[in-house]
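Here is how the chains run, residue by residue.
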Amino acid sequence: MEIGRGAVEGVGVDDSMSLWMTDGMDAYIVRSHELLSRAVERLCQNPYKGLVVVEDGKPVGVFTRHDMVKCSHCFGMHDVTIGEFSNKDFIYCVHRVSPELAGSMYSLIPLVDDEGRLEAIFFPDNKQRRRHHPCPVVINAGGRGTRLYPYTETVPKPLVKILDEKPMVELIMDQFHKYGHSEFHMILNHKKEMIEDYFRRVTFPYQVEFHEEEKPLGTGGGLHFLRNRLSGTFFFTNCDIIMLENCDEVYEYHKQSGKIATMVASLKPINIPYGVIQTDEEQNLVSALEKPTYMTMVNTGIYVLEPDIFDYIKTDENIGFPDILDRVRADGNPVGIYPVTADRWLDMGQIDELEYAKKVLGEIIRREHTNNR
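Just so it is clear, the structure is predicted and the values come from calculations on it, not from any experiment.

Some details on the layout of surface pockets
Stage number 1. In this structure, the second largest pocket spans a volume of roughly 530 Å³.
Stage number 2. Every residue lining the second largest pocket is counted, 22 residues in all, and those nearest its centre are Thr64, His66, Asp67, Met105 and Ser107.
Stage number 3. For the lining of the second largest pocket, the elements supplying multiple residues, two or more each, are strand S5 (58–64), helix H2 (65–70), strand S7 (109–112) and helix H5 (247–257).

Right, here's the structure in full:
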């Protein structure tokens, strides 16, 4: 049995939690000459976050969210193809998947016929195989929430009800708690008494500690309260963001990078509804692209940090966290980026996005309830 790039002889596998796909495979297939931007856009719409790269009907590579991380510097370019960044050292099976791969950590496994042509795709059920990395989570919850008026006229933004009478900050904690995180720190300012009272009246399966600002300190200044409280890696997030990405994978990427800070960034496809042209210095036409799609990245407001970050924050300083990251970079320390697809995070900080988040979270909870029956 050959492990690595090449075929693995397989036998039938009965794994109800895994997914075999024969019909509808086109949504998971790209040609190696397709533009990276278009391929990533398809990955964003793909619930399993995996694509098989083919030539003449035969797999020549795979492209998953892990490969997406490695090519984020090219998202703004229009002439880069997916073939340049696909993983060509991939596992595939002939007809059937081998038993030891059924619950492997691979995102997807192409199945080919005797001539090497793609006939099915297997998505292993590997959700339970990754080791949790519990660490503290710091939530910046001191803002006034003016973009959420009228919701925030009577309650602070963290306590705005989202689903099943749960406020947004509790849903954020629940999501982190799924990955073993049980130590939470909240930086408070506006209507802080209401937030503290809520957490005193309700019982939670995790620990919550409060740090109160005497004056507004921006999106980053309040972190100085944790200077002598945290001695290891921690997550830092705004109170109106829910990350649906695997926290363990984000944590592992950050630790492997060896950086002080890693920003979770979201891919944002920009569709230009016109023909875009480029010219040379003499105004001669160089290229014309009809309705191109460009990939950009936006800051989600979620970070993984090392305690070295406290060296860049002054006591009682009003400062935005992106400005703190500028200090880190100016000191010669690069800041990492972990890109996620647009469907792997929810922004609840504005009215229209809040309503969309309610719908998505409702669907997720109903799906989890069905799967747990």
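There's more to say after this.
Section: the pairing of S5
Stage number 1. The buried count for S5 comes to five of seven residues, which makes it a mostly enclosed element.
Stage number 2. Of the strand pairs in this sheet, strand S4 (residues 50–55) and S5 are connected by six bridges, and their pairing is antiparallel. Counted as the bridge partner of Glu55 is Lys58 from S5.
Stage number 3. Counting the residues in the hairpin turn of S4 and S5 gives two residues, including Asp56, whose phi is positive at 55°.

Observations regarding the packing of aromatic side chains
Stage number 1. Counted by the stated rule, this structure contains 14 aromatic pairs.
Stage number 2. These aromatic residues form a ring-pair network of at least three members: Phe184, Tyr198, Phe199, Phe204, Tyr206 and Phe210.

Let's talk about the pattern of salt bridges
Stage number 1. What the rule picks out here adds up to 15 salt bridges.
Stage number 2. Note that Asp197 and Arg201 form a salt bridge whose closest N and O atoms lie 2.9 Å from each other. Here the residue Asp197 and the residue Arg201 both occupy positions in helix H4 (residues 192–201), the gap between them amounting to four residues, near one helical turn.
Stage number 3. For Asp197, a relative accessible area of 36% translates into the label partly exposed.
Stage number 4. A salt bridge links Arg327 to Glu317; its shortest N-O distance comes to 2.5 Å. Remark: Glu317 occurs in the loop between strand S19 (293–305) and helix H6 (321–330) and Arg327 occurs in helix H6; sequence separation between them is ten residues.
Stage number 5. The partly exposed category is assigned to Arg327, whose relative accessible area is 29%.
Stage number 6. In this structure, a network of salt bridges that share partners links the residues Arg65, Glu245 and Glu249.

Rules used in this analysis
- Residues numbered from 1 in each chain as written.
- Predicted model: local features only at pLDDT ≥ 70, side-chain atom pairs only at ≥ 80, totals over all residues.
- Heavy atoms only, no water.
- 1 Å grid on protein atoms, 1.4 Å probe; cavity = no way out; pocket = protein on both sides within 12 Å on 5 of 7 lines; lining within 4 Å.
- Points joined across faces, edges and corners; volume = space filled by probe spheres on them.
- Helix = DSSP H or I, 4+ residues; strand = E, 2+ residues; numbered from the N terminus.
- Buried < 20%, exposed > 50% of the residue type's maximum accessible area, 1.4 Å probe, protein only.
- Pairing = 2+ DSSP bridges.
- Phe/Tyr/Trp six-rings, centres within 6.5 Å; stacked < 30°, edge-to-face > 60°.
- Salt bridge = Lys/Arg side-chain N within 4 Å of Asp/Glu carboxyl O.

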